[in-house]
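Working through the structure, step by step
Now for the letters of each chain:
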Amino acid sequence: MKHTTWIMCGILILYGLFASVFALSGFDLLMLLTAGHVYVYRAALSLTGVAAAWLLFWLLAFRPTKFLS
């Protein structure tokens, strides 16, 4: 479970970097990595939704920020 959470965090950070490159320069790095295949591009983007849903579940189920105050 811990490894899955680290992988999902890494995926979201990677996609965030891809999005910032696209926002700042207009160059779509993810489209380059998927070699222009629209279905592979959309599948890679759907992985972001899965990673976000996993992290939301993890935050709600395990409440890692409960002891911060």
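Refer to the structure above for everything that follows.
Description of the structure in this document. (Residues numbered from 1 in each chain as written. Predicted model: local features only at pLDDT ≥ 70, side-chain atom pairs only at ≥ 80, totals over all residues. Heavy atoms only, no water.)

Some thoughts on helix α1 (residues 2-25)
For α1, which comprises 24 residues, the first-to-last C-alpha distance of 35 Å matches the rise-based estimate of 34 Å (1.5 Å per residue) to within 8%. Residues Thr5, Met8, Ile11, Tyr15 and Phe18 constitute the buried set of α1. Of the surrounding secondary structure, the elements contacted by the buried residues of α1 are α2 (29-33) and α3 (38-62). Gly26, located one to two residues past α1, shows a positive phi value of around 85 degrees. (Helix = DSSP H or I, 4+ residues; strand = E, 2+ residues; numbered from the N terminus. Expected span 1.5 Å × (residues − 1). Buried < 20%, exposed > 50% of the residue type's maximum accessible area, 1.4 Å probe, protein only. Contact = heavy atoms within 4.5 Å.)

Details of the side chain of Thr34
By the element assignment, Thr34 lies in the loop between α2 and α3. The class for Thr34 is buried, based on a relative accessible area of 9%. If near-sequence neighbours (up to four positions away) are discounted, Thr34 is found in contact with Val40 and Tyr41.

So yeah, pure geometry; function would need other evidence.
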